[in-house]
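Residue strings, one per chain:
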Protein chains: 2
Amino acid sequence: MSCPVFYASEPEFKSFLSEEESFHAHRVLRLKNGDQIHILNGKGKRFQAELEFVDSKKTTFSALNIVEEIKNPAYSISLLVAPTKQMERMEWMVEKCTELGIHSIGFFQSRYSERKEIKLNRLEKVAISALKQSKNLFLPEIKPLVSIREIIPLPTNKKSSNQYVFAHIADPVDQPLFKILQKDTHINILIGPEGDFSNEESTLLIKNNWLPFSLGKAILRTETACIAATHSVHLIHALHE
Amino acid sequence: MSCPVFYASEPEFKSFLSEEESFHAHRVLRLKNGDQIHILNGKGKRFQAELEFVDSKKTTFSALNIVEEIKNPAYSISLLVAPTKQMERMEWMVEKCTELGIHSIGFFQSRYSERKEIKLNRLEKVAISALKQSKNLFLPEIKPLVSIREIIPLPTNKKSSNQYVFAHIADPVDQPLFKILQKDTHINILIGPEGDFSNEESTLLIKNNWLPFSLGKAILRTETACIAATHSVHLIHALHE
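Residues numbered from 1 in each chain as written. Chains lettered and ligands numbered in written order. Predicted model: local features only at pLDDT ≥ 70, side-chain atom pairs only at ≥ 80, totals over all residues. Heavy atoms only, no water.

A. Just the overall build of chain A, in detail. Counting its secondary structure elements, chain A contains seven helices and 10 strands. By principal-axis analysis of the C-alpha atoms, chain A measures approximately 60 × 40 × 35 Å. Look at the contacts in chain A between residues 6 or more apart in sequence, and 73% of them connect residues 24 or more apart. Here chain A has roughly 11800 Å² of accessible surface; of this, 50% comes from carbon and sulfur atoms. Each charge sign in chain A was given a centre, from 30 positive and 29 negative side chains, and these centres are 1 Å apart. (Helix = DSSP H or I, 4+ residues; strand = E, 2+ residues; numbered from the N terminus. Contact = heavy atoms within 4.5 Å. Areas by Shrake-Rupley, 256 points an atom, 1.4 Å probe, with all protein chains shown as cover. Lys, Arg positive; Asp, Glu negative; His and termini not counted. Charge placed at Lys NZ, Arg CZ, Asp CG, Glu CD.)

B. Quick look at the sheet that holds strand 6 (residues 104-109) of chain B. Residue and element names in this part refer to chain B. Strand order across the open sheet formed by six strands is 7-6-5-9-8-10, with parallel pairing between neighbours. Two strands lie at the open edges of the sheet, namely strand 7 (141-147) and strand 10 (211-213), each paired on one side alone. Pairwise comparison of adjacent strand axes, ignoring direction, gives a mean angle of 25 degrees for this sheet. Examined bridge by bridge, strand 5 (residues 76-81) and strand 6 share four bridges and lie parallel to one another. The residue of strand 6 that forms the bridge with Val81 is Phe107. Helix 2 (residues 87-100) rests against strand 5, strand 6 and strand 7 of the sheet, and its axis sits at about 150 degrees to strand 6. (Pairing = 2+ DSSP bridges. Axes fitted to C-alpha atoms, helices over the stretch in contact; angles between N-to-C directions.)

C. Representation of the sheet that holds strand 3 (residues 45-53) of chain B in the model. Residue and element names in this part refer to chain B. Spatial ordering of the open sheet is given by 1-2-3-4, a layout of four strands whose pairing is mixed. Because the sheet does not close on itself, it has two edges, and the strands there are strand 1 (5-7) and strand 4 (60-69). Going across the sheet, the axis of each strand differs from the next one's by a mean of 35 degrees, ignoring polarity. One ladder, built from three bridges, connects strand 1 with strand 2 (residues 36-40); its direction is parallel. Paired with Val5 across the strands is His38, a residue of strand 2.

D. Geometry of the relation of the copies chain A and chain B. The transformation that overlays chain A on chain B combines an axial shift of 0.0 Å with a rotation of 180 degrees, and the residual RMSD is 0.0 Å. What we have between these two chains is a two-fold relation. The overlap is high: 100% of the interface residues of chain A also sit at the interface in chain B, so the same surface is used on both sides. (Least-squares fit on C-alpha atoms with pLDDT ≥ 70 in both.)

E. A look at the environment of Gln109 of chain B. Residues and elements named next belong to chain B. By the secondary structure assignment, Gln109 is in strand 6. Separated by 36 residues in sequence, Gln109 and Leu145 have C-alpha atoms that sit 6.8 Å apart. Not counting chain neighbours up to four residues away, the residues in contact with Gln109 comprise Arg115, Lys116, Leu145, Val146, Ser147 and Ile148.

F. Here's a closer look at the side chain of Ser232 of chain B. Note on placement: Ser232 of chain B falls in helix 7 (residues 222-239). Residue Ser232 of chain B is classed as buried on the basis of its relative accessible area, which comes to 3%. Dropping the residues within four chain positions of it, Ser232 of chain B is found in contact with His231 and Leu235 of chain A together with Leu177 of chain B. (Buried < 20%, exposed > 50% of the residue type's maximum accessible area, 1.4 Å probe, protein only.)

G. Examining the domain arrangement of chain A more closely. All names here are of chain A. Split by domain assignment, chain A resolves into domain 1 (5-69) and domain 2 (76-239). Listed by partner, the interface residues are 13 residues for domain 1 and nine residues for domain 2. Regarding the contact of domain 1 and domain 2, the summed buried area is about 970 Å², with carbon and sulfur atoms giving 69% of it. Counting across the interface, domain 1 meets domain 2 through one salt bridge. Residues Glu21 and Lys132 are paired through a salt bridge, measuring 2.7 Å at the closest nitrogen-oxygen approach. Taken together, the links from domain 1 to domain 2 amount to four residue pairs in polar contact (both at pLDDT 80 or more). Looking at the side of domain 1 that touches domain 2, the elements that each hand over two or more residues are strand 1 (5-7), helix 1 (19-28), strand 3 (45-53) and strand 4 (60-69). A per-element tally of the side of domain 1 that touches domain 2 places strand 1 first, with three residues. Residue composition of the side of domain 1 that touches domain 2, grouped by class: four nonpolar, two polar and seven charged. (Domains from an automatic or database assignment. Buried area = accessible area lost by both parts, 1.4 Å probe. Salt bridge = Lys/Arg side-chain N within 4 Å of Asp/Glu carboxyl O. Polar contact = N/O pair within 3.5 Å; in protein donor to acceptor, adjacent residues only side chain to side chain. Nonpolar A, V, L, I, M, F, W, Y, C, P; charged D, E, K, R; others polar.)

H. The arrangement of the interface of chain A and chain B in detail. Counting residues at the interface gives 28 residues for chain A, matched by 28 residues for chain B. Here chain A packs against chain B, burying approximately 2700 Å² in sum over the two surfaces, 60% of which is carbon and sulfur. Of all residues in chain A, Trp92, Phe178 and Ile219 of chain A bury the most surface against chain B, accounting for 21% of the area lost on that side. Counting the contacts that link chain A with chain B gives eight salt bridges. Of the charged contacts in the structure, one is a salt bridge between Lys217 of chain B and Glu68 of chain A, with a shortest N-O distance of 2.8 Å. Of all the secondary-structure elements, those providing two or more residues to the side of chain A that touches chain B are helix 2 (87-100), helix 3 (120-134) and helix 7 (222-239) of chain A. With nine residues, the top contributor of residues to the side of chain A that touches chain B is helix 7 of chain A. Each residue belonging to the side of chain A that touches chain B can be placed in one class, and the counts come to 11 nonpolar, six polar and 11 charged.

I. Highlighting the packing of aromatic side chains. Residue and element names in this part refer to chain A. Tallied over the full model, the rule gives seven aromatic pairs over all chains. Relative to Phe197, the ring of Phe108 has its centre 6.0 Å away and its plane inclined at 10 degrees; by these criteria the two rings are stacked. Note that Phe108 is positioned in strand 6 (residues 104-109) and Phe197 in the loop between strand 9 (186-191) and helix 6 (199-207), a separation of 89 residues in sequence. For the ring pair Phe166 and Phe197, a centre distance of 5.7 Å and an interplane angle of 80 degrees mean the geometry is edge-to-face. Taken as a pair, Phe166 in strand 8 (residues 162-167) and Phe197 in the loop between strand 9 and helix 6 lie far apart in primary sequence, 31 residues in all. Across the pair, Phe197 and Phe166 agree in class, each one buried. In textbook terms, an aromatic cluster arises when at least three aromatic residues are bridged by ring pairs, as seen for Phe108, Phe166 and Phe197. The side chain of Lys58 reaches across the aromatic face of Phe16, ending 4.2 Å from its centre. (Phe/Tyr/Trp six-rings, centres within 6.5 Å; stacked < 30°, edge-to-face > 60°. Lys NZ or Arg CZ within 6 Å of the ring centre and 35° of its normal.)

Structure (structure tokens):
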């Protein structure tokens, strides 16, 4: 009953699967010409299609139909993270946040950052795999590492449909995310490194209208904070549905 | 300012650290006699103590004082999981759930289980490490693999302070966890294998008064479902504080 699921960014314009997806169709799933598949474009659409010619390098399909579509999601989440020393933890985070549903994941370098480079290619593969597994409709854009200085100043033509928040370890603790969250916006969440933001960075963030929030009393690892924040946004919206 | 944190199950009765913790104090953190440390007993207490004699095998301490204590938590969570094929995913789950806060994590074997053995020792180490990192006060008990048949029948002297729920993939979907959750109880959450519960198992669970719940539209991996369910329980309680 459940069709095998593939990813193709523009199936309406290119009626074939990537080499990687073709290999998967042919060698792993051993699909045959005429088999039905689902294709996610990662931009809100799920298609049904029929395999025309199954091949390890270039599998073609036809009879493309939209079977599920989300045009304008009520809210979306962009995460900006200071990458952890172990790249594996970032791969896990990308996998889990993609499963839960996320719009984009970017990386920044700050004073106490532990890692100064990021393999985007590897993370994109992790995201595609998690997209197919979860059958979500949106693939997060994986954005390259930038300096925190580039992120802090908010766009001057600041849209009211955006909210900007950052996880802050402070005494007394800040408000929890669920208390400050504006529903039905595009929420931008900044998660600092294990060593946290420097005092100067925190001050600058607040001065630039980023809202601090607390993730509770327990001290969460960077990747856990990412998952908890992402899950909170979804859960809070679900509560109000 | 922040004291190094150690774990010892009964610091009031045994005034020394385990060999592993002693090694960590001496060789990794290079602490000295007279240094102040924090000790978590994993049962609701955090102590302050003074290192008496630092040694790689048996570090002793004195001047033990309780600095934080939770006597009776308002609610607690027990998770029962069908372990995934990759043990690494279970280690990650134990780490994340311990960070978020959890009372016990057990494992069961069901019809579509992918793994038939569990290294408890390794998981206990992961939990202790996550406890110290998060500075939570409760260490989850890691329970051995049992058959789902042993879990399904609820205790006959069923305490009203327990709730029993299981993640269920059904069409139409079940109620989300936040709708069925009884606050301030001991909640027992059952998460099935990637291949889900068999029809027979689901029927038996419902017949035995386990409540089915949905974790939303996205299909989450087993370990992600564990984290999402655990985080949901905490967030729902936080919302009502």
